[in-house]
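What the coordinates show
Here's the letter readout for the chains.
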Amino acid sequence: MTTDKASLVGQLRTTLARLGLDGFILTHRDEYQNEMRPAFTERLAFLTGFTGSMGTAIVLQDQARLFVDGRYILQAPYEVDPDLFAIAQAPPVSPFDWLAQTLPHGTKIGFDPWLHAETWVARGRQVLAPAGIELVALDVNPLDALWVDRPDPPLTPAVPHPVSFAGEDHTHKRARLAQQIRQDGLDGFVLTDPASLAWLLNLRGDDIPHVPIALGFGVLNADASVDLFMDARKIGDATRAHLGPDVMLHAPDQLAPHLRERTERQKLGADMSVASAGLLVATQNRLRS
């Protein structure tokens, strides 16, 4: 394990240098900001070996550090090579505070905006900017190209949730919320939490162990239609009939271009307190919070 992780960290540093970056910061999140997540999103474990539910890794050219909370301060040294990553407890010192105290003016630290909430980015820039340190949003996560044996995304079926359990047909839910969207002067609202999609569309899935959701994004439009960004292989005939013609299915990789095009001419909202900062990057900060 040591040799593999050492090689990986070395390759990451080479990639960062080629990108003109002095370091990279990674937390234990995915593009949906889930706490529980499928194996193909476990980048922190891939990079460090740490399998806890919360942690932050920082890789610089001359050192690397893994921040964990008090629950994992004993576990982390058993899983992580101390010659590669120094283990630190946060609090008392946060990763941003450590960067501000450690790095010189002019340092650039890369991050994947899809894996961090906008509130995280704003807090980081507030701490780092006075120290002359720049957080740089990357178009592509540099770890993904290095993860040659990465698990595939889950393709478990998304299935209808009966009205007898849901309590309300999804057409009625969509109509009620669309009325509020119109009242707020919006053309649509971006749904970034798969649990919100599960409720709105009366869908259930098995993409995450012990959590009955199907991973995907959606846009609830002012006319009560929905643009659903989910792998079509997860939508069988029964689910397609359940969703009906007013739910339009798109490939997941079409989310960013869809939002970029629409926000150039329409007003779309999102809950940016929980949504990934990648949404703002994709739309050039045109989403309404």
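I will try to describe carefully the structure that is included in this document. (Residues numbered from 1 in each chain as written. Predicted model: local features only at pLDDT ≥ 70, side-chain atom pairs only at ≥ 80, totals over all residues. Heavy atoms only, no water.)

Here we look at the packing of aromatic side chains
Here is the rule we go by: For Phe, Tyr and Trp, where Trp contributes only its six-membered ring, two rings pair if their centres lie within 6.5 Å, and the inter-plane angle classes them as stacked under 30 degrees, edge-to-face over 60, or tilted in between. Helical segments are the DSSP runs of H or I of at least four residues, strand segments are the runs of E of at least two, and each set is numbered from the N terminus. When a residue's accessible area, from a 1.4 Å probe over protein chains only, is under 20% of the maximum for its type it is buried; when over 50% it is exposed; and in between it is partly exposed.
Counted by the stated rule, this structure contains six aromatic pairs. With 4.6 Å between their ring centres and 10° between their planes, Phe46 and Trp147 make a pair best called stacked. Taken together, the residues span a long stretch of sequence, with Phe46 in helix H2 (residues 43-48) and Trp147 in the loop between strand E6 (134-137) and strand E7 (159-160) at a distance of 101 residues. Judged by its relative accessible area of 14%, Phe46 is buried. Seen in terms of ring centroids, Phe111 and Trp120 are 5.7 Å apart; in terms of plane orientation they differ by 55°. Their pairing is tilted. Classification of Phe111 by relative accessible area gives buried; the value is 1%. Among the residues examined, Trp120 registers a relative accessible area of 12% and is labelled buried. Members of the aromatic cluster, each reached through a chain of ring pairs, are Phe96, Phe111 and Trp120.

Points about the side chain of Asp207
Using the following cut-off: Whenever a nitrogen or oxygen atom comes within 3.5 Å of another N or O atom, the pair is scored as a polar contact, on the condition that within protein one atom can donate a hydrogen and the other can accept it, and that pairs from neighbouring residues in sequence are kept only if both atoms are in side chains. Here, residues are in contact when the closest pair of their heavy atoms is within 4.5 Å.
In this fold, Asp207 is placed in the loop between strand E9 (203-204) and strand E10 (217-221). Only 2.7 Å separates the side chain of Asp207 from the backbone nitrogen of Leu215, close enough to count as a polar contact. Sequence-distant contacts of Asp207, defined by excluding residues within four places in its chain, comprise Pro38, Pro154, Leu155, Thr156, Ile213, Ala214, Leu215 and Lys234.

A word on the pairing of strand E12 (residues 247-250)
Heads up, the condition is: By this definition, two strands are paired if DSSP reports at least two bridges between them. Here a crossover is taken to be right-handed if, once the strands point away from the viewer, the path from the first strand over the helix to the second is traced clockwise.
Of the pairings in the sheet, the one linking strand E11 (residues 226-229) to E12 comprises four bridges and is parallel in character. Bridging from a neighbouring strand, Val226 pairs with Val247 of E12. Read as a crossover between parallel neighbours, the route from E11 over helix H9 (residues 237-243) to E12 is right-handed.

Let's talk about the pairing of E10
In regular strands, side chains alternate between the two faces of the sheet. Counted residue by residue, E10 has five buried out of five residues, so it is predominantly covered. On E10, burial covers both faces: Phe217, Val219 and Asn221 on one face and Gly218 and Leu220 on the other are all buried. Of the strand pairs in this sheet, strand E8 (residues 188-191) and E10 are connected by four bridges, and their pairing is antiparallel. Bridging across to E10, Val190 finds its partner in Val219. Looking at chain direction, E10 and E11 are connected through four bridges and run antiparallel.

Side note on the sheet that holds strand E2 (residues 56-60)
Whether parallel or antiparallel, the strands of a sheet pair through hydrogen bonds between backbone atoms. Using the following cut-off: Axis lines are fitted to C-alpha atoms, over the contacting stretch for helices. Their N-to-C directions set the angle, which ranges from 0 to 180 degrees.
Here six strands make up an open sheet; going across it, the order is E4-E3-E2-E1-E5-E6 and the pairing mixed. Edge strands, defined here as strands with exactly one partner in the open sheet, are strand E4 (86-89) and E6. Strand-to-strand, the axes of this sheet are offset by a mean angle of 25°, without reference to chain direction. Relative to E6, strand E5 (residues 108-111) runs parallel, the two sharing four bridges. By the bridge assignment for E6, Lys108 is matched with Glu134. Contacts between helix H4 (residues 95-102) and the sheet are confined to strand E1 (23-27), E2, strand E3 (64-68), E5 and E6, with E2 contributing the most and set at about 20° to the helix. Running at roughly 150° to E6, helix H5 (residues 118-128) makes contact with E1, E5 and E6 of the sheet.

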